[in-house]
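Chain residues, written in single-letter form:
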Amino acid sequence: MSAPVRVGVVSYLNAKPLYYRLDEASPNVQVEQDLPSRLADRLRLGELDIALIPSVEYFRGAGTGLGYEVLPGFAIAARGPVRSVKLFSRVPFGQIKRLALDAGSRTSQALTRVWLDAAHGVRPSRIELLPMGLPVLESTADAVLVIGDRAMTVPDAPFHEVVDLAEAWNEMTGLPFVFALWVARSGADLGDLPETLARCRTAGLTHASELASEHGPRLGLDVATCYDYLTRVLSYDLGEPELAGLRRFAQMATQLGLIPRGADLVFHRPSDLAARG
Ligand SMILES: C=C(O[C@@H]1C=C(C(=O)O)C=C[C@H]1O)C(=O)O
């Protein structure tokens, strides 16, 4: 038997439908859960063959010649508010000088800077990481970006202004926002993994109520909220509207120097496509 395909998956609730029972569906995969930022680093180091990585990290890898390939048709995206990517600010957005960014994120880190620049003309002079272990309310930065499961339980009340960044993006551009993509290292032999992942996504969404009941209580969220989050708030397709959102984001992030110039989308082409004619 050939070596297992090393698959990195985001540990947050939002990604669960994309790899629903993947290890049962495919015996030759090794599934590893991690934070989005860590998955990006591990894919870059060659410790994984394919991973759900922050979309901005695809462009960084592609722009530095890593030979990354996007699996067509899949994404973690939102067409309106996403609920789990929020900027909590103690001062009016236009006055943010010191910004703390969730250490688990990469894409939303860039989105925060793109949005602050485009919507408020703000480029914070001091940018730091919000460590995973630090309670959000303990950060003394002017504003704090928080993503994923923990973002959904941070109260708004202690802050001056709070924004859902996917909603803000949609209001600014009229486009969906793409947070993460399945990205493979070029040359990785994925076998029939793309087809298996498509089946997992279908099964995951069919079993969204089971995922909501399993994870809601653990995360301190009610099951109906989780179900709504998985089935209505998030979208898992990479269609034309998502691609338009992704390209616009890449353009704006490039202008701010957050992505190298010339990074373009390259899609993974199944190895048996040519054989099928
Ligand atoms: C919507 C979210 O998407 C996540 C956000 C990411 C990022 O900001 O880099 C990466 C992966 C996604 O799972 C979230 O975690 O809340």
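Summarised in this report is the structure supplied together with it. Bear in mind the structure is a predicted one, so any value in this text is a computation, not a measurement.

1. Quick look at the site of the ligand
Around the ligand lies a shell of 19 residues, among which P36, P54, S84, S105 and S108 are the nearest. The class makeup of the residues in the shell around the ligand is 12 nonpolar, 6 polar and 1 charged. No fewer than three residues from each of domain 1 (5-78 + 177-276) and domain 2 (85-173) sit in the shell around the ligand.

2. Here's the deal with the packing of helix α7 (residues 208-219) against helix α8 (residues 223-233)
For the pair α7 and α8, interaxial distance at closest approach is 8 Å and the crossing angle is 130°. In this view, α7 runs oblique relative to α8, as classed from their interaxial angle. In this structure, α7 meets α8 at a crossing whose hand is right-handed. Here A208, S209, L211, A212, S213, H215 and G216 of α7 come into contact with α8, specifically with V223, C226, Y227, L230 and T231. Class assignment of the residues belonging to the contact of α7 with α8 gives a composition of 7 nonpolar, 5 polar and no charged.

3. Here we look at α8
Since the α-helix packs 3.6 residues into each turn, any two residues three or four apart lie on the same face. All of the buried residues in α8 are C226, Y229 and L230. Projection of α8 onto a plane perpendicular to its axis shows the buried side chains occupying an angular sector of 85°, all on one side. In this structure, α8 carries A224 and R232 as exposed residues pointing more than 90 degrees from its buried face. Packing partners of the buried residues in α8 comprise α7 and β12 (234-237).

4. Quick notes on the environment of F88
In this fold, F88 is placed in strand β6 (residues 85-89). Distance in space between the C-alpha atoms of F88 and V10 is 23 Å, their sequence separation being 78 residues. Once residues lying within four places of it in the same chain are set aside, the contact partners of F88 are V136, A143, V144, V146, V154, F159 and V162.

The rules behind each value
Starting from 1, residues in each chain are numbered consecutively following that chain's sequence as written. Since the coordinates come from a predicted model, pLDDT governs what is reported: local features require at least 70, and pairs of side-chain atoms require 80 or more to be given and counted, while whole-chain, interface and lining totals use all residues. By definition, a residue lies near a molecule or strand provided its backbone-derived C-beta atom is within 6 Å of it. When residues are grouped by polarity, Ala, Val, Leu, Ile, Met, Phe, Trp, Tyr, Cys and Pro land in nonpolar, Asp, Glu, Lys and Arg in charged, and all others, Gly among them, in polar. Segmentation into domains, and thus their bounds, comes from an automatic or database assignment. Each axis is a line fitted through C-alpha atoms, and for a helix only the stretch in contact is used; angles between axes span 0 to 180 degrees, taken between their N-to-C directions. Counting from the N terminus, the helices are DSSP H or I runs at least four residues long and the strands are E runs at least two residues long. An angle below 35 degrees is treated as roughly parallel, one above 145 as roughly antiparallel, one from 65 to 115 as roughly perpendicular, and anything else as oblique. A crossing counts as left-handed when the near helix is turned anticlockwise from the far one by less than a right angle, and as right-handed when that turn is clockwise. Working definition of a contact: two residues with C-beta atoms, positioned from the backbone, lying within 7 Å. Buried means a residue has 20 or more other C-beta atoms within 10 Å of its own C-beta, exposed means 12 or fewer, and partly exposed covers the counts in between; C-beta atoms are placed from the backbone. Arc definition: directions from the helix axis to the C-beta atoms.

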